[in-house]
Amino acid sequence: MPNKVFFNFLFLLIFRHRSKHIAIFIISTLVVILFSSVMLLSHAIEQDAQASLSAQPDFIIQKMHAGRAVETPVEWLDELSEIEGVSSALPRVYGSYFYTPNAEYFTLVGIDLFDRQISESLERLVKDLDVKDFLAQPSMIIGSGVKTHLDKFYYKEHYTFRTPAREKREVSIYDSLLSETNIVSSDMILMEESLARDILGVDEELSTDLVLYVPNELEHDNVKEKIILLFNNIRVIEKEELSTAYAQMFNYKGGLFLLLYMVVLMTFILILYQRYSMISSSDKKEIGILRALGWSVNMVIRLKIMESLIVGLSAFVLGILLAYGYVFYLDAPLLSEIFLGNANLSNKITFNHSVDFGLLTLLFLFFMAPYISAVLIPVWRIAITDPLEAMK
Amino acid sequence: MIKIEHLNKIFNENRSNAYVALKDINLHIKPAQTVVIKGVSGSGKSTLLSIIATLIKPSSGSLMVDEQMIAKLPDTHASHFRNVHIGFIFQAFNLFDELSVKDNVAMPLIVSENRQERIDKKVLEAMELANITHKKDQSVHNLSGGEKQRCAIARALVHNPHIILCDEPTANLDRENSLKFIEILKSFKALGKTVVIATHDPLFDNLESVDRTILIEDGKIR
Amino acid sequence: MILLSNEVIIFLFVESLLLLLLSIAFINTLSIYSKWDFNASTSLQYRLEKRAYLVVLIIVVSLGFKILLLPYFSFMIDQLSAMVPGAMCGAGVLSSNEYGSTLLSLKVVTLFLTGAWLILNSEDIKAPAYPYFKIKLLLFIMIYLLVVFESALDILYLINIPTGAPVACCSSIYGAITGGSPLPFNLDITRILILFYLFYLLSVVSSLARYSFLNTVANLLFLYIAYFAVVYFFGTYIYELPTHQCPFCMLQAEYYYVGYVIWGTLFLGSFFGISAFILKLIIKRELSYMYRLSLVFNTLFVSLVSVYVLVFYLKNGVLL
């Protein structure tokens, strides 16, 4: 039934009523941009966080004292690595270092250049490193955010740290890290483990925490149980728990925005309803002619629904494209600050392009369902126009 | 064959502003007849035309076209009936000004035809009948009054209906074009169409091509 | 807390919009139903006929959205599994409280009736004088009550999803770990498969021969057996893991969302097969396209799941 003349006529009608549609189109596009950019952003951040999480160890073990995490004895590793299913167990040394000139915290991470690294990206980094050159003098590799802050005070070649005992440690800047997942590592400083222990004040036989690798996911529950039986006063963090926590954190942040947008959307529905409820005499005449020519009420409803659908859908597509550009090409100015906060170093962030089918469905439902609901009654009202209007 | 029996139409029924438009109308129109319904404006002739076209439903009484009861058809079927059997020519032409002549003429076919080539063929035939083919790609607002009339006639003929209803067809035409319309009436007759014209134009008085003239006054046939 | 998740907010938002629309239609339906008299030519009746367009329009649009929302619901609980500790897929989230499985079955039943309503409506419009108008309205009233009930269950279910305590994952729900036969009537997998193909053949024969009642029975039996066959046999070939028995994991991206196609074709095939008979009772006439569609979707479904087994066998030379 819908043929060329029908679509010709449909587009002509849209063009003819452009003054009526244009405002709706603009508002619709804005509404779509508003909520889809937030959703795209939170989705991208979550994907990014989950991606860097996948390289993380399966278990993190911390010694607890009076409810606080304290340094964990390295000797525990002997017992831990004997648990069945554990492929490797490593100590980690890291901590925050307060950078006085800018009142910022850097994350200091100690790496053992001759052992397995705690993440794949580190593994790759160490593999490409000229170890002899790196160890010739106390050196560090710094994240992009750290570099900006050191540059500000002209620490171009080296920086002098202070140990907890107020001794000076001059460390030269070996390289600055072009971070691939820059959310995690822009405030990072990597240095040789013993140097990091020195600056952070961690003893030889202690570590910040211990990590375990258990390749078989089905073993995780058993391993966790065994770890808890081995020691008192410990906290075991499982990777899945972190992943759940991330998912909850980002998803709920997006959720709060959605609740706000629902109010916006409700207002939008009312505007839409009002706008399309205004039926001019020329509209009535138009429908009257069609009815006289043998169009049924159902046909007119179809025509009118299509008319608003085309306006709504094109606004939706345009809005999504603009939001995509805003988040992934302009790196979401303003919004990203709300989402990431300034708890760590503020820095420029590039998001990995990530959109999936589920997210698009979600956005589609969120916009199109209220949109179509709002036009139903006005469309019906115009479709049942008395065909006698054509006779006037 | 149009058969109307005991037909009444009351607008705003059961309300304070109720108003009787048609009272006990009985009318038989034979196939291929040309009938003129005369009356002053407000006499109910347009209402009668609308009821025959199933645009409005009567308050009581029956309307049969080709032995089919059509007064009470649900809208989908009434519209289908209209789309198959009725061609309409309005006083104000009622064309879509922004559309081209041929798109205007194609309008009734949108609902009933699926194949574009069939539509194109029928549109061309109708435009030739109405002698407007040379303007087929022009948009309607560039046309003169007479050309608009011919475009409207092509639209009324395009789906090959056997009943043609004209509501004050000459009211917006000058004398020359009105006379041309009367010529066209003859060709309708030659095509075997049943034609019902509602008008108060004296031009239609005592025409050879008109088989019957009915006078309507205050909703009643005189 | 789970109510703040994006998917849930949008789901509830759309559901409540639809409920609002359907309520408008419902109120109109009640007044139309009580005053409808097609033979009257009063202006009241003409007004009701006009009002009926609104009711039908609203129902068609919101039921259309309802059809979209069922796959969305399974997508949503699948997404929630990332936030519910212990759950690996929708199965864990669905069984995390006592409302889940009731809710899902209710949704399927509603969708089934919805489909029947849409077909009845198109038949009603085609005939002169609205022959099925009152049955259509009655069926809608029934669907509406189910939808109201469903919305209440939606809320109950969602607020009772635990986010703290770990829930079971599909391996423990579908019996690979706990042991014991989860299959009905003490059937084993071989017998299930024999029945699976047998009932399929029966449905093919009965639909080709237009035995509407037999076709309904065959499709009901097929639907029942096909569920178990997919979960306990065909699914393991999709996952390529003999212990992975789950109706939900196949909805995930790792398996190219094939679950939506599998369950979708099964639902459509059974829907057309079963409702052909029910609609025949109402409209006293065969709708031959229903048999055709049932045949097409059942065949698509059977070929799809069989191809998984075949491809696995060709690739690995063994069966699981």
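Residues numbered from 1 in each chain as written. Chains lettered and ligands numbered in written order. Predicted model: local features only at pLDDT ≥ 70, side-chain atom pairs only at ≥ 80, totals over all residues.

## Points about the overall build of chain A
- Broken down by element type, chain A carries 14 helices and 12 strands.
- Compactness check: chain A gives a C-alpha radius of gyration of 31 Å against a globular reference of 21 Å for 392 residues, more than 25% above the reference.
- Dimensions of chain A along its principal axes, counting C-alpha atoms only, are 100 × 50 × 40 Å.
- When each of the 392 residues of chain A is scored for burial, the buried share is 37%.
- Pairs at least 24 apart in sequence give 82% of the contacts found in chain A among residues at least 6 apart. (Helix = DSSP H or I, 4+ residues; strand = E, 2+ residues; numbered from the N terminus. Rg over C-alpha atoms; globule rule 2.2 N^0.38 Å. Buried ≥ 20, exposed ≤ 12 C-beta atoms within 10 Å, placed from the backbone. Contact = placed C-beta atoms within 7 Å.)

## Notes on the overall build of chain B
- Per the secondary structure count, chain B includes seven helices and 10 strands.
- For 222 residues, the compact-globule formula gives about 17 Å, and the C-alpha radius of gyration of chain B, at 17 Å, lands near that figure.
- Along the first, second and third principal axes, the C-alpha set of chain B runs to 50 × 40 × 35 Å.
- In chain B, which comprises 222 residues, the share counted as buried stands at 46%.
- Look at the contacts in chain B between residues 6 or more apart in sequence, and 72% of them connect residues 24 or more apart.

## A short note on helix α1 (residues 45-52) of chain B
- Where burial is concerned, most of α1 of chain B is hidden: eight out of the eight residues are buried.
- Turning to α1 of chain B, its buried residues number three or more, namely K45, S46, T47, L48, L49, S50, I51 and I52 of chain B.

## Regarding the sheet that holds strand β9 (residues 212-217) of chain B
Residues and elements named next belong to chain B.
- Ordered in space as β6-β7-β8-β3-β9-β10, the six strands form an open sheet in which the pairing is mixed. Each of the sheet's edge strands pairs with one partner strand only, and the pair in question is β6 (86-89) and β10 (220-221).
- Sheet topology places strand β3 (residues 34-38) next to β9; four bridges connect them, and they run parallel. Paired with K38 across the two strands is L215, which belongs to β9. (Pairing = 2+ DSSP bridges.)

## Quick word on the interface of chain A and chain C
- Counting residues at the interface gives 29 residues for chain A and 23 residues for chain C.
- Secondary structure elements with two or more residues in the side of chain A that touches chain C: α10 (239-277), α12 (297-329) and α14 (357-383) of chain A.
- Ranked by residue count, the leading element in the side of chain A that touches chain C is α14 of chain A, at 13 residues.
- Here the residues of the side of chain A that touches chain C are counted per class, giving 20 nonpolar, eight polar and one charged. (Nonpolar A, V, L, I, M, F, W, Y, C, P; charged D, E, K, R; others polar.)

## Notes on the interface of chain C and chain B
- With eight residues of chain C at the contact, the number on the chain B side is 10 residues.
- Looking at the side of chain C that touches chain B residue by residue, the class counts come to five nonpolar, three polar and no charged.

## Observations regarding the domain arrangement of chain A
- Here chain A is described as being made up of domain 1 (4-52 + 245-391) and domain 2 (59-213).
- Using only C-alpha atoms to locate each centre, domain 1 of chain A and domain 2 of chain A end up separated by 48 Å. (Domains from an automatic or database assignment.)

## A few points about the sheet that holds strand β5 (residues 68-69) of chain B
All names here are of chain B.
- Spatial ordering of the open sheet is given by β2-β1-β4-β5, a layout of four strands whose pairing is antiparallel. Across the chains shown, the open sheet's two edge strands, defined by having one partner strand only, are β2 (19-29) and β5.
- Strand direction decides the pairing type here: strand β4 (residues 60-65) and β5, joined by two bridges, are antiparallel. Along β5, the bridge assignment pairs M64 with M69.

## Description of the environment of S95 of chain C
All names here are of chain C.
- Here S95 shows up in the loop between α3 (90-94) and α4 (100-126).
- For S95, a count of 18 C-beta atoms within 10 Å translates into the label partly exposed.
- In sequence terms S95 and I2 are 93 residues apart; their C-alpha atoms lie 15 Å from each other.
- Contacts of S95, omitting those with residues within four sequence positions, involve G100, S101, A168 and I173.

## What about the packing of helix α6 (residues 145-157) of chain B against helix α7 (residues 175-190) of chain B?
Residue and element names in this part refer to chain B.
- Contact geometry of α6 with α7 gives a least axis separation of 10 Å together with a crossing angle of 20 degrees. It follows from the interaxial angle that α6 and α7 lie roughly parallel. In the crossing of α6 with α7, the sense of the turn from one axis to the other is right-handed. Contact residues: G145, G146, Q149 and I153 in α6; N177, K180, F181 and I184 in α7.
- Its residues placed into classes, the contact of α6 with α7 shows three nonpolar, four polar and one charged. (Axes fitted to C-alpha atoms, helices over the stretch in contact; angles between N-to-C directions. Parallel < 35°, antiparallel > 145°, perpendicular 65-115°, else oblique. Left-handed = near helix turned anticlockwise from the far one by under 90°.)

## Structural notes on the confidence of the model for chain A
Residues and elements named next belong to chain A.
- Residues at a pLDDT of 70 or more form 92% of chain A, whose mean pLDDT is 82.
- Of all the helices and strands in chain A, helix α7 (residues 182-185) carries the lowest mean pLDDT, 50, while α12 carries the highest, 92.
- With pLDDT under 50 throughout, residues 342-347 is counted as low confidence; its partners more than four residues away or in other chains account for 12 contacts. (pLDDT = per-residue confidence, 0-100.)

## Some details on the nonpolar core
- Core analysis: the largest hydrophobic core is formed by 212 residues, its most contacted members being A154 and L165 of chain B together with V14 and I58 of chain C.
- Ignoring sequence-local partners within four residues, the contact set of A154 of chain B consists of V105, A126, M127, L129, A130 and I132 of chain B.
- Ranked by size, the runner-up nonpolar core spans 23 residues in total, among them Y99, F161, L190 and A196 of chain A. (Core = buried A, V, L, I, M, F, W, Y, C linked by C-beta atoms within 7 Å.)

## Some remarks on the packing of α4 of chain C against helix α9 (residues 258-283) of chain C
Residues and elements named next belong to chain C.
- Their axes nearest at 10 Å, the elements α4 and α9 cross at an angle of 45 degrees. Classified by the interaxial angle, the pair formed by α4 and α9 is oblique. The way α4 lies across α9 gives a crossing that is right-handed. Contact residues: α4 offers F112, G115, A116, I119, L120 and E123, while α9 offers F271, S275, I278, L279, I282 and I283.

## Examining the environment of D211 of chain B
All names here are of chain B.
- On the secondary structure map, D211 appears in the loop between β8 (194-199) and β9.
- Given 16 C-beta atoms within a 10 Å radius, D211 is considered partly exposed.
- D211 sits 68 residues away from L143 along the chain, and the two C-alpha atoms are 32 Å apart.
- Sequence-distant contacts of D211, defined by excluding residues within four places in its chain, comprise Q33, T34 and V35.

## With respect to the pairing of strand β5 (residues 104-111) of chain A
All names here are of chain A.
- Among the eight residues of β5, six are classified as buried, and the element is accordingly described as predominantly covered.
- As defined by bridge partners, strand β4 (residues 88-99) adjoins β5 across seven bridges and the pair is classed as antiparallel. Across the sheet, residue Y99 finds its bridge partner in β5, namely E104.
- Hairpin connection, β4 to β5: the antiparallel pair is bridged by four residues, and A103 has positive phi, about 50 degrees.

## Comments concerning unusual backbone geometry
- Phi is positive for Y154 of chain A, close to 60 degrees, though the residue is something other than glycine.
- When the 7 C-beta atoms within 10 Å are taken as the criterion, Y154 of chain A is described as exposed.
- In this structure, R210 of chain C takes a positive phi of about 60 degrees despite not being glycine.

## A few points about helix α7 (residues 189-208) of chain C
All names here are of chain C.
- Between the first and last C-alpha of α7 there are 29 Å, a value that for 20 residues agrees with the 28 Å anticipated at 1.5 Å per step.
- Along α7, the residues that are buried comprise L195, F196, F199, Y200, S203, S206 and S207. Mapping the buried residues of α7 onto a view down its axis gives an arc of 140 degrees, with all of them on the same face. Within α7, the exposed residues directed more than 90 degrees away from the buried face are T190, I194 and L208.
- On the buried face of α7, the contacting elements are α8 (212-239), α9 and α10 (288-316). (Expected span 1.5 Å × (residues − 1). Arc of directions from axis to C-beta.)

## Some thoughts on the environment of I153 of chain B
Residue and element names in this part refer to chain B.
- Relative to the helices and strands, I153 is located in helix α6.
- Spatially, the C-alpha atom of I153 lies 32 Å from that of D24, the residues being 129 residues apart in sequence.
- Contact partners of I153, with chain neighbours within four places excluded, come to I89, A130 and I184.

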